[in-house]
Amino acid sequence: MNEIKRAIYPGSFDPITNGHVDIISRAKKVFDEITIAVIQNPDKTPFFELEHRLELIKHLFKNDPHIKVEAFRGLLADFAQKRNVYTIIRGLRAVSDFDFEFQMALTNRHLNTKIDTVFFMTDEKYSYLSSSLVRQLAGLSADISSFVPPDIERSLKDRIHHG
Ligand code: COA
């Protein structure tokens, strides 16, 4: 039997955007199972609390048995080791992402030589997108429907208008 190809897609996902979803759909052509690993970063005050981010992402992929959603804190390399999954997925939006991604990929491999990072190029229509840009636009009541899935848009508006 062929071995299941597993990978981890880490990030803050605060919130998940269509750019992230685009990377996931590209990665699904290569991997059988993808764990979206949502970081709990004690140094950052998130817009959406970890539990809410997890809930939103789980709901988004509820009909997709190939996607798992988990939280992690601390080193990504430790999370990879605990899960026994050594392939990391990252998206590249533009050349400007490369330096940081190169540094992260080599750091993770330094921490655990089994780790490799695989990059997918995002669709160019999302190349300038980021979670903070989406949050900012939502806060200014701009139309964000082409940037985030409908449930995420609803949650952002809800949070902005009702706290
Ligand atoms: N489409 C849209 N937006 C994207 C995107 C895409 N394809 N790819 C990235 N982004 C956005 C993110 O939403 C984020 O936006 P924001 O800064 O406005 O919130 C921004 O680009 C940066 O994304 P990313 O580089 O993925 O940062 P992150 O905070 O989401 O994730 C971790 C970084 C969690 C992967 C990294 O910090 C980590 O592994 N930390 C664990 C500690 C560790 O192991 N350190 C050693 C290794 S360096």
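Look a little higher up for the structure.
Residues numbered from 1 in each chain as written. Predicted model: local features only at pLDDT ≥ 70, side-chain atom pairs only at ≥ 80, totals over all residues. Heavy atoms only, no water.

### Some words on the overall build of the protein chain
Rules: The helix and strand labels rest on DSSP assignments: H or I over at least four residues marks a helix, E over at least two residues marks a strand, and numbering proceeds from the N terminus. Both definitions apply: the radius of gyration is a C-alpha atom measure, and the globule rule equals 2.2 Å times residues to the power 0.38. For every residue, the accessible area obtained with a 1.4 Å probe (protein chains only) is divided by the maximum for its type, and the residue is called buried under 20%, exposed over 50%, and partly exposed between those limits. Note on contacts: a residue pair qualifies if any of its non-hydrogen atoms lie within 4.5 Å across the two residues. Values of accessible area rely on a 1.4 Å probe in the Shrake-Rupley scheme; residue burial ignores everything except the protein chains shown. Only four residue types enter the tally: Lys and Arg on the positive side, Asp and Glu on the negative side; His and the chain ends are excluded. To locate a charge, take NZ of a lysine, CZ of an arginine, CG of an aspartate or CD of a glutamate.
The helix and strand tally for the protein chain stands at six helices and five strands. Ordering the α and β elements of the protein chain from the N terminus gives β-α-β-α-β-α-β-α-β-α-α. Taking 15 Å as the expected radius of gyration for a compact globule of 163 residues, we find that the protein chain reaches 16 Å, a close match to that expectation. Based on the C-alpha atoms only, the size of the protein chain along its principal axes is roughly 50 × 35 × 30 Å. Put simply, the protein chain has 163 residues, and 44% of those count as buried. In the protein chain, of all internal contacts separated by at least 6 residues, the share reaching a separation of at least 24 is 75%. Working note: accessible area of the protein chain is about 9700 Å², and carbon and sulfur atoms make up 51% of it. Of the charged side chains in the protein chain, 22 are positive and 22 negative; the average position of the first set lies 3 Å away from that of the second.

### So, helix 3 (residues 76–83)
Using the following cut-off: The directions from the helix axis to the C-beta atoms are what the arc is built from.
Three or more residues of helix 3 are buried, namely Leu76, Ala77, Phe79 and Ala80. The arc enclosing the buried residues of helix 3, seen along the axis, measures out at 160 degrees, which places them on a common side. Count one or two residues on from helix 3 and you reach Asn84, which has phi positive near 60 degrees.

### A short note on the pattern of salt bridges
Going by this rule: A side-chain nitrogen of Lys or Arg and a carboxyl oxygen of Asp or Glu constitute a salt bridge if their distance falls within 4 Å.
Within this structure, the stated rule accounts for 13 salt bridges. Between Arg109 and Asp116 there is a salt bridge; the shortest N-O distance is 3.5 Å. In this structure Arg109 comes out as partly exposed when scored by relative accessible area, which is 37%. Taking relative accessible area as the criterion, Asp116 reaches 41% and is therefore assigned partly exposed. As a salt-bridge pair, Lys125 and Asp123 come within 3.5 Å of each other at their nearest N and O atoms. By relative accessible area, which is 48% here, Lys125 ends up partly exposed. Sharing partners across several salt bridges, the network here consists of Asp22, Arg26, Asp123 and Lys125.

### Focus on the layout of surface pockets
Any empty space left between the atoms is revealed when a probe the size of a water molecule rolls over them. Heads up, the condition is: We place a 1 Å grid over just the protein atoms. Points where a 1.4 Å probe fits but has no way out form a cavity, open points with protein on both sides within 12 Å along at least 5 of 7 lines form a pocket, and any residue with an atom within 4 Å of a point lines it. Grid points are joined across faces, edges and corners, and a volume is the space filled by probe spheres set on the points. When residues are grouped by polarity, Ala, Val, Leu, Ile, Met, Phe, Trp, Tyr, Cys and Pro land in nonpolar, Asp, Glu, Lys and Arg in charged, and all others, Gly among them, in polar.
The space that makes up the largest pocket amounts to roughly 1100 Å³. If you trace the largest pocket, you find 40 residues lining it, with Pro10, Gly11, Ser12, Lys44 and Arg90 closest to the centre. Of all the elements in the fold, those that place two or more residues in the lining of the largest pocket are strand 1 (6–11), helix 1 (18–27), strand 4 (87–92), helix 4 (98–111) and helix 5 (131–139). For the lining of the largest pocket, the element with the highest residue contribution is helix 4, accounting for seven residues. Tallied by class, residues from the lining of the largest pocket come to 16 nonpolar, 16 polar and eight charged.

### Digging into the site of the ligand
Heads up, the condition is: Any residue with at least one heavy atom within 4 Å of a molecule or strand is counted as near it. Nitrogen and oxygen atoms within 3.5 Å of one another constitute a polar contact, given that in protein one can donate a hydrogen and the other can accept it, and given that sequence-neighbouring residues count only through two side-chain atoms. Assignment of a molecule to a cavity or pocket requires that more than half of its atoms lie within 2 Å of the corresponding grid points.
Among the 22 residues in the neighbourhood of the ligand, the closest are listed as Ser12, Leu76, Arg90, Ser131 and Ser132. At 2.8 Å, a backbone N or O of Leu76 approaches an oxygen atom of the ligand. Between the ligand and Leu129 there is a distance of 3.2 Å, counted from a nitrogen atom to a backbone nitrogen or oxygen. Across the complex, the protein chains shield 80% of the 940 Å² of accessible surface that the ligand would expose by itself. Counting atoms within 2 Å of the grid points, the majority share of the ligand lands in the largest pocket.

### Some thoughts on the nonpolar core
Selection criterion: Put simply, buried Ala, Val, Leu, Ile, Met, Phe, Trp, Tyr and Cys residues joined by side-chain atoms within 4.5 Å make one nonpolar core.
Grouped together as the largest cluster of nonpolar side chains are 30 residues, with contacts concentrated most on Ile36, Val38, Ile57 and Ile89. Going through the elements one at a time, strand 1, helix 1, strand 2 (33–39), helix 2 (50–60), strand 3 (67–72), helix 5 and helix 6 (150–162) are the ones with two or more residues in this core. A total of four residues in this core trace back to one element, the largest contributor, which is helix 2. Sequence-distant contacts of Ile36, that is, excluding residues within four places in its chain, are made with Tyr9, Phe13, Ile24, Ile57, Phe61, Ile67, Lys68, Val69 and Glu70.

### Quick word on unusual backbone geometry
If a residue is not glycine, its phi is most likely negative; likewise, a peptide bond is most likely trans. Asp14 connects to Pro15 through a cis peptide bond whose omega is 5 degrees. For Phe13, which is not glycine, the phi torsion reads 50 degrees and is therefore positive. For Phe13, a relative accessible area of 3% gives the class buried. Its identity is not glycine, yet Asn84 carries a phi of approximately 60 degrees, on the positive side. Relative to the elements of secondary structure, Asn84 occurs in the loop between helix 3 and strand 4.

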